[in-house]
Amino acid sequence: MDDNKLYSIVKNLVDTLYMKGEIKYDSYISHNDKWFARSEDRRATIFNIDVDVEIEKLFPLSEKYDPTYGKKLKDLFRVNDIKKYLGLSNLVIIIEFEWESEENQKFLNEVFRPLCMKMAEETVNNMVNDNKIQEKTGISTKEQFQKIFKFAMWDEIVYDNGQLGIEVVTHYTSDKYDIREDILKHVMRTIYKYGLQDLEIYNNIGQLA
């Protein structure tokens, strides 16, 4: 099958089964003569998909938010199932998520990143005013807390699966202060307050539930 015909068939299946006119993307055919190292026929025909991720559709506070958009992006990882319809063992489908559009960068810099910084400051204030944390650590000011823990919350782009998240960063020392659960509690309270609990949450003090 020539490349033009294959491209047309695969693109039609991708559009019908996965994109459905709701996900922006570019696609093209390429080849790799050494893809299948253990196969007699090592040549692969590669259908490349470059997805233009629309960050605002992933962000719950945006007017453009689509609660199904993130799942649709995750569903793209099943796109190689298309091969079973075609019977082409040497066909490979590769997906890359593109985040660098001007609109996305503007949104990150002007909306999401400042909000994460605001949430971090609010969370620190709440922890400093928590009597339980004060009793365990002897910390009573934001300056004292930040000197030890260096707490921060940052916007996080999950490049490999098209998701948006929040990274929670703190230099937590479990051998000296037993406040891990207290930190997690305050982090999640803030995230729920702002309605961002459906985003991916990443941190260096344990998995948030």
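### Describing the overall build of the chain
Turning to step 1, where the next piece is worked out: Within the chain, the secondary structure is distributed over seven helices and six strands.
Turning to step 2, where the next piece is worked out: In sequence order, the chain lays out its α and β elements as α-β-β-α-α-β-α-α-α-β-β-α-β.
Turning to step 3, where the next piece is worked out: Taken along the three principal axes of its C-alpha coordinates, the chain extends 70 × 40 × 25 Å.
Turning to step 4, where the next piece is worked out: In the chain, which comprises 209 residues, the proportion classed as buried is 43%.
Turning to step 5, where the next piece is worked out: On the chain, roughly 12,100 Å² of surface is accessible, and the fraction owed to carbon and sulfur atoms is 47%.
Turning to step 6, where the next piece is worked out: Separation of charge centres in the chain, based on 29 positive and 37 negative side chains, amounts to 4 Å.

### Notes on the pattern of salt bridges
Turning to step 1, where the next piece is worked out: Here the structure, examined in full by the defined rule, presents 18 salt bridges.
Turning to step 2, where the next piece is worked out: Ionic pairing is found between Arg 43 and Asp 33, a salt bridge with its closest N-O pair at 2.5 Å. With Arg 43 in the loop between β1 (25-32) and β2 (44-52) and Asp 33 in the loop between β1 and β2, this residue pair connects regions lying ten residues apart in the sequence.
Turning to step 3, where the next piece is worked out: Of the residues examined, Asp 33 reaches a relative accessible area of 49% and is grouped as partly exposed.
Turning to step 4, where the next piece is worked out: Across the pair Asp 66 and Lys 72 runs a salt bridge whose closest N-O atoms are separated by 3.8 Å.
Turning to step 5, where the next piece is worked out: Residue class for Asp 66 comes out partly exposed when judged on its relative accessible area of 22%.
Turning to step 6, where the next piece is worked out: Ionic contacts of the salt-bridge type, sharing partners, join the residues Glu 22, Asp 66 and Lys 72 into one network.

### Focus on the nonpolar core
Turning to step 1, where the next piece is worked out: Of all hydrophobic cores here, the largest spans 56 residues; its most connected members are Ile 49, Val 51, Phe 151 and Ile 166.
Turning to step 2, where the next piece is worked out: In terms of residue count, the dominant contributor to this core is helix α4 (residues 102-128) (ten residues).
Turning to step 3, where the next piece is worked out: Among all residues touching Ile 49, those that are not within four sequence positions of it are Val 14, Met 19, Tyr 25, Asp 26, Val 79, Ile 93, Ile 94, Ile 95 and Glu 96.

### Some remarks on the sheet that holds strand β5 (residues 163-169)
Turning to step 1, where the next piece is worked out: On the basis of which strands lie adjacent, the open sheet formed by three strands has the order β4-β5-β6 and mixed pairing. If you trace the sheet from one side to the other, it starts and ends with β4 (152-158) and β6 (200-203), each paired once. Within this sheet the neighbouring strands show an average axis-to-axis angle of 30°, counted without direction.
Turning to step 2, where the next piece is worked out: The pairing of β5 with β6 spans four bridges and is classified as parallel.

### Quick notes on the packing of aromatic side chains
Turning to step 1, where the next piece is worked out: Applying the stated criterion to the full structure yields five aromatic pairs.
Turning to step 2, where the next piece is worked out: Three or more aromatic residues joined by ring pairs make a cluster, and in this case those are Phe 59, Phe 107 and Phe 112.

### Side note on the environment of Tyr 65
Turning to step 1, where the next piece is worked out: The residue Tyr 65 is located in the loop between β2 and α2 (69-75) in this model.
Turning to step 2, where the next piece is worked out: Using a relative accessible area of 28% as the deciding quantity, one classes Tyr 65 as partly exposed.
Turning to step 3, where the next piece is worked out: It is 8.7 Å that separates the C-alpha atoms of Tyr 65 and Ile 55, two residues lying ten residues apart in sequence.
Turning to step 4, where the next piece is worked out: When residues no more than four places from it in sequence are discounted, the contact partners of Tyr 65 are Glu 56, Lys 57, Leu 58, Phe 59, Pro 60 and Asp 198.

### Some words on the confidence of the model for the chain
Turning to step 1, where the next piece is worked out: The pLDDT averaged across the chain works out to 88; a share of 95% of its residues lies at or above 70.
Turning to step 2, where the next piece is worked out: Summarising per-element confidence for the chain, the mean pLDDT is lowest in helix α3 (residues 83-86) (83) and highest in α4 (96).

Reading the values: rules and limits
- Residues numbered from 1 in each chain as written.
- Predicted model: local features only at pLDDT ≥ 70, side-chain atom pairs only at ≥ 80, totals over all residues.
- Heavy atoms only, no water.
- Helix = DSSP H or I, 4+ residues; strand = E, 2+ residues; numbered from the N terminus.
- Buried < 20%, exposed > 50% of the residue type's maximum accessible area, 1.4 Å probe, protein only.
- Areas by Shrake-Rupley, 256 points an atom, 1.4 Å probe, with all protein chains shown as cover.
- Lys, Arg positive; Asp, Glu negative; His and termini not counted.
- Charge placed at Lys NZ, Arg CZ, Asp CG, Glu CD.
- Salt bridge = Lys/Arg side-chain N within 4 Å of Asp/Glu carboxyl O.
- Core = buried A, V, L, I, M, F, W, Y, C linked by side-chain atoms within 4.5 Å.
- Contact = heavy atoms within 4.5 Å.
- Pairing = 2+ DSSP bridges.
- Axes fitted to C-alpha atoms, helices over the stretch in contact; angles between N-to-C directions.
- Phe/Tyr/Trp six-rings, centres within 6.5 Å; stacked < 30°, edge-to-face > 60°.
- pLDDT = per-residue confidence, 0-100.

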